[in-house]
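Single-letter residue listing:
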Amino acid sequence: MTHLTRRNFVKTGATALVSGMVSAPFLSSGARAAEPITVGGIHDTSGILDILGKPMAQLARFAVHEINQAGGLLGRPLELVEYDPQSNMQLYGQLAQKLALQDRVSVVHGGITSSSREVIRPVLRRFETLYFYNTLYEGGVCDRNQFAIGTMPDQTVANLMRYVMKTHGKRVYVLAADYNFGQISANWVKKYVTENGGEVIETEYFPLDFGNFGPTISKIQASKPDAVISILVGATHLGFYRQWAAAEMLSRIPLASTTFGAGGVDIQQLETRETDGIINAATYVSGIQSKANQDFLTRLNAFYGNDAPFMSELPCTTYEGMMLWAKGVEAAGSLDRMKVIEALESGLSFDGPSGRVSIDPATHHTIRDVHISELSDRKWTVLETTQQVPPTATQEVCDLSADPDANFQHKL
């Protein structure tokens, strides 16, 4: 059995209006009586990816709440229809079809791994249901029915490798999850290391259910790299960070990642002695010192109280994906899929907790800030920021304005 919930999030809680989106009053009695707009969510709240999916689901609910508190869309409240695929590949497609055909949602937000995206994406394309993939990924998807809101390697990996090689040295050892995201991302690491005159000593790949990293740690100790780059994913891979710290390596060889901390729960599950000093590249960390981010965190904590998630990139981009879709609906004045797509393709932006996020019309990816940060006592300190980084690599292979029927993923 799949775990599923159906919630109408016209709920009391945080009452601030959505920053940069709408300025409508709270829902009138007429709007509350109007037929809800249904929005679909597919987030892993159980299974090996639950440490990523749970906070994403929480921020999807929070976004729906804020939109409803600000007046809803087109005078109607939003209703979030959520399903948990339990990190089961077969269920992603089944649930995407259910949302499109049975629940008849206007949009689906969801999927975590690239494998899950490539199950969900063709189903929603076939049934003409708009899809927002809000997760960092390896880049290259070209599909007018999808908007990719998370970061790409040419945004995060490029900046991370430049920083690591400048600060720590040019010989790196790479650990990656053994599926297309990890494999392609590892290729991006090699590309940027080589371009900066460095060397990848070795790249090792690990299945998502793999947890014994002792032999790998011994190999790293023997090869003595200047830095280790982690592209590990999910709960089982947290074993690496525990075993790395137990081997007293955290203070000896710098550890950097574009995936660690992405869901936030991983930071909470590990002890500070197992995480202090880890460097990451992300579009969002809670340590961003901006009024927009601090106001956002205040509203989120007021809404969830003690159940508030540890904020990180994936829940943030889920929230921003919801808000960008809502701005598209407002701009279109309609729920019609093509009208919303065209509105989003106007170069629409949202000023959110990570900074300004803009849709790149030709690729349906985002232009956004990237932060290099270091973790200490479960708090990220931003070391440097590169503002408004475009998805350059995807721009080189995808132009939906020239070929709106494109449907492919370019792989490095």
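Look a little higher up for the structure.
Values in this document were obtained by computation on a predicted structure and should not be read as measured data. (Residues numbered from 1 in each chain as written. Predicted model: local features only at pLDDT ≥ 70, side-chain atom pairs only at ≥ 80, totals over all residues. Heavy atoms only, no water.)

Asker: Mind showing me how you'd approach the overall build of the protein here?
Answerer: Looking only at helices and strands, the protein has 13 helices and 17 strands in total. Whereas a compact globule of 412 residues would reach a radius of gyration of roughly 22 Å, the protein reaches 20 Å, a difference of no more than 12%. Expressed along its principal axes, the backbone C-alpha trace of the protein runs to roughly 70 × 45 × 45 Å. Sorting the 412 residues of the protein into buried and exposed places 59% on the buried side. Excluding contacts between residues fewer than 6 apart, the proportion of contacts in the protein whose partners are at least 24 apart in sequence is 74%. Separation of charge centres in the protein, based on 35 positive and 43 negative side chains, amounts to 2 Å. (Helix = DSSP H or I, 4+ residues; strand = E, 2+ residues; numbered from the N terminus. Rg over C-alpha atoms; globule rule 2.2 N^0.38 Å. Buried < 20%, exposed > 50% of the residue type's maximum accessible area, 1.4 Å probe, protein only. Contact = heavy atoms within 4.5 Å. Lys, Arg positive; Asp, Glu negative; His and termini not counted. Charge placed at Lys NZ, Arg CZ, Asp CG, Glu CD.)

Asker: Where do I start with unusual backbone geometry in this structure?
Answerer: In terms of backbone geometry, most residues other than glycine have negative phi values and most peptide bonds are trans. We note that Q86 has phi near 60°; this positive angle belongs to a residue other than glycine. The topology assignment puts Q86 in the loop between strand 3 (78-84) and helix 3 (89-102). Backbone geometry at D377 places phi at a positive 55°, although glycine is not the residue there. Summarising the element assignment, D377 is placed in the loop between strand 15 (365-376) and strand 16 (379-389).

Asker: Explain the side chain of N159 to me, please; I cannot follow it from the model alone.
Answerer: Structurally, the position occupied by N159 is in helix 5 (residues 157-167). Overall, the relative accessible area of 9% leaves N159 in the buried class. In this structure the side chain of N159 is engaged in a polar contact, spanning 2.9 Å, whose partner is the side chain of R162. (Polar contact = N/O pair within 3.5 Å; in protein donor to acceptor, adjacent residues only side chain to side chain.)

Asker: Looking at this structure, I do not really get the packing of aromatic side chains. What am I missing?
Answerer: Any aromatic ring pair is given by two values, namely how distant the centres are and how the planes are angled relative to each other. Counted by the stated rule, this structure contains 18 aromatic pairs. A centroid spacing of 6.1 Å and a plane angle of 65° characterise the contact between F62 and F296, whose relative ring orientation is edge-to-face. Here F62, found in helix 2 (residues 50-69), pairs with F296, found in helix 10 (residues 291-304); they are 234 residues apart in sequence, far enough to count as distant. Each member of the pair, F62 as well as F296, carries the same accessibility label: buried. (Phe/Tyr/Trp six-rings, centres within 6.5 Å; stacked < 30°, edge-to-face > 60°.)

Asker: What is the right way to look at the side chain of E138 in this model?
Answerer: Residue position: E138 is located in the loop between strand 5 (130-133) and strand 6 (141-143). A polar atom in the side chain of E138 sits 2.6 Å from the side chain of Q409.

Asker: Explain the packing of helix 7 (residues 214-223) against helix 8 (residues 238-246) to me, please; I cannot follow it from the model alone.
Answerer: Relative orientation and spacing of two packed helices are given, respectively, by the angle between their axes and the distance between those axes. Helix 8 packs onto helix 7 with a crossing angle of 50° between their chain directions and a minimal axis gap of 10 Å. For the element pair helix 7 / helix 8, the angle class is oblique. Helix 8 is crossed by helix 7, and the crossing has right-handed handedness. Counted together, G214, I217 and I220 of helix 7 and F240, Q243 and W244 of helix 8 form the full contact between these two elements. Residue composition of the contact of helix 7 with helix 8, by class: four nonpolar, two polar and no charged. (Axes fitted to C-alpha atoms, helices over the stretch in contact; angles between N-to-C directions. Parallel < 35°, antiparallel > 145°, perpendicular 65-115°, else oblique. Left-handed = near helix turned anticlockwise from the far one by under 90°. Nonpolar A, V, L, I, M, F, W, Y, C, P; charged D, E, K, R; others polar.)

Asker: Quick question: what am I supposed to make of the packing of helix 2 against helix 11 (residues 313-332) here?
Answerer: The geometry of helix 2 relative to helix 11 is characterised by a closest axis approach of 8 Å and an angle of 35° between their N-to-C directions. The two elements helix 2 and helix 11 cross, and the hand of that crossing is right-handed. Counted together, L52, P55, M56, L59, A60, F62, A63, V64, E66 and I67 of helix 2 and L314, P315, T318, Y319, M322, M323 and A326 of helix 11 form the full contact between these two elements.

Asker: I keep staring at the nonpolar core and nothing clicks. Help me out?
Answerer: A general feature of soluble globular proteins is that nonpolar side chains tend to end up buried together. Formed by 121 residues in total, the largest nonpolar core has its most connected members in F240, W244 and W325. Filtering out sequence-adjacent residues up to four positions away, W325 remains in contact with I37, V39, L73, L78, S106, V107, H109, L130, F132, L335 and V340. (Core = buried A, V, L, I, M, F, W, Y, C linked by side-chain atoms within 4.5 Å.)

Asker: Whenever I open this one, the environment of S87 confuses me. Can you help?
Answerer: On the secondary structure map, S87 appears in the loop between strand 3 and helix 3. For the pair S87 and T45, spaced 42 residues apart in sequence, the C-alpha to C-alpha distance is 8.4 Å. Residues in contact with S87, not counting those within four places in the same chain, are D44, S46, G47, I48, L49 and Y92. There is a polar contact of 3.3 Å between the side chain of S87 and the backbone nitrogen of I48. There is a polar contact of 3.1 Å between the side chain of S87 and the backbone nitrogen of L49.

Asker: Honestly, the pattern of salt bridges in this entry has me stumped. Any pointers?
Answerer: Side-chain pairs of opposite charge can arise whenever the charged atoms involved come near each other. Across all of its chains, the model carries 20 salt bridges by this definition. Residue R117 is joined to E118 by a salt bridge in which the shortest nitrogen-to-oxygen separation is 2.7 Å. A relative accessible area of 25% means that E118 is categorised as partly exposed. Here E271 makes a salt bridge to R273, at a shortest N to O gap of 2.9 Å. Residue classification places E271 among the partly exposed positions, given a relative accessible area of 42%. Here the salt bridges do not stand alone but share partners, grouping R117, E118, R121, R125, E138 and D143 into one network. (Salt bridge = Lys/Arg side-chain N within 4 Å of Asp/Glu carboxyl O.)

Asker: Where do I start with the state of the cysteines in this structure?
Answerer: Working definition: the covalent bond between the sulfur atoms of two cysteines is a disulfide. Using the criterion set out here, one finds one disulfide in the structure. Note that C142 is cross-linked by a disulfide to C398, the S-S spacing being 2.1 Å. Its torsion about the S-S bond being 75°, the disulfide of C142 and C398 is classed as right-handed. Taken together, the residues span a long stretch of sequence, with C142 in strand 6 and C398 in the loop between helix 13 (392-397) and strand 17 (407-409) at a distance of 256 residues. C142 sits in the buried class, given a relative accessible area of 1%. (Disulfide = S-S within 2.5 Å.)

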